[in-house]
Amino acid sequence: MGVSKAGRFSRKRTGGRKKQAKKKRAYERARPASATKMGGRKVRLVRARGGKYKFRALRLNHGNFSWRSEHTAAKTRITDVAYHPANGEWVRTKTLTKSAIVTIDATPLRVWYQNFYNIDLSSGKAEALEYDQSVTKEERKEIESRRKSRELPENIESQFKNGKLLAILTSKPGQVGRADGYILEGEELDFYVKKIEQRKKK
């Protein structure tokens, strides 16, 4: 029947084999890993127990990524796999799994930031833009009030210059057929930047 996920087939602490009280069951059957790669979207349906279906993504290149501190999200393109805490080989093969650190196209989020705050981030530094003639006084007041509470850390601001942002995948592409996640911020961003730099030195 192939690989089984039942715990009966593991050995004892002493290294001895366990006695088998029953044979393998179909509901214990394991399937091969999806090993989702980067590329044009290719998803297959896999029938699961109870007549439900899993969405086995074989190739993906887009996903929904949230900017948690700004309470917004955007669909954007995944450009590369920068780091993986589970297996360094998945960086070379560009395999997308949950917890993979990826670089994404910053354009959709940069455009949202410009529309929301009227501030351009394309140069890597926040530059206030002049208001268009079509913008009303009420809209200008609203934008100014937004700017007062605006906080953008330097380690995120500088990433916009390259047009790419570091993000982490939180969905399971082999289960749900999507590659969604959130942008790295704060201490978590600093931690993974160090890890990526250490990997480059090797």
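Everything below is about the structure shown above.
What you see is a predicted model, and the numbers here were worked out from it, not measured in a lab.

Undergrad: Requested: an account of helix α6 (residues 186-201), with residues and values cited.
TA: Taking 1.5 Å as the rise per residue, α6 with 16 residues should run 22 Å; its terminal C-alpha atoms sit 23 Å apart, in good agreement. Buried residues of α6: Leu189, Tyr192 and Ile196, and no others. Each buried residue of α6 lies within a common arc of 75° when the element is viewed along its axis, so the set occupies one face. Counted as exposed and oriented over 90 degrees from the buried face of α6: Glu187, Lys194 and Lys201. Check the buried side of α6 and you find it contacts β5 (72-83), β7 (101-105), α4 (154-157) and β10 (164-169).

Undergrad: Describe in detail the layout of surface pockets, supporting the description with residues and values.
TA: Vacant regions in the atomic arrangement are exposed by a probe of water-molecule size rolled over the atoms. In this structure, the largest pocket encloses a volume near 700 Å³. Along its surface, the largest pocket is lined by 27 residues, and Lys5, Arg31, Lys54, Arg56 and Gln175 are the ones closest to its centre. Contributing elements (two or more residues each) for the lining of the largest pocket: β1 (36-38), β3 (53-60), β6 (95-96) and α5 (173-176). The element contributing the most residues to the lining of the largest pocket is α5, with three residues. Among the residues forming the lining of the largest pocket, the class breakdown is ten nonpolar, six polar and eleven charged. In this model, the second largest pocket occupies a volume close to 340 Å³. Along the wall of the second largest pocket there are 15 residues; nearest its centre are Ala82, Thr103, Leu166, Ile196 and Lys200.

What counts, and where the lines are drawn
- Residues numbered from 1 in each chain as written.
- Predicted model: local features only at pLDDT ≥ 70, side-chain atom pairs only at ≥ 80, totals over all residues.
- Heavy atoms only, no water.
- Helix = DSSP H or I, 4+ residues; strand = E, 2+ residues; numbered from the N terminus.
- Expected span 1.5 Å × (residues − 1).
- Buried < 20%, exposed > 50% of the residue type's maximum accessible area, 1.4 Å probe, protein only.
- Arc of directions from axis to C-beta.
- Contact = heavy atoms within 4.5 Å.
- 1 Å grid on protein atoms, 1.4 Å probe; cavity = no way out; pocket = protein on both sides within 12 Å on 5 of 7 lines; lining within 4 Å.
- Points joined across faces, edges and corners; volume = space filled by probe spheres on them.
- Nonpolar A, V, L, I, M, F, W, Y, C, P; charged D, E, K, R; others polar.

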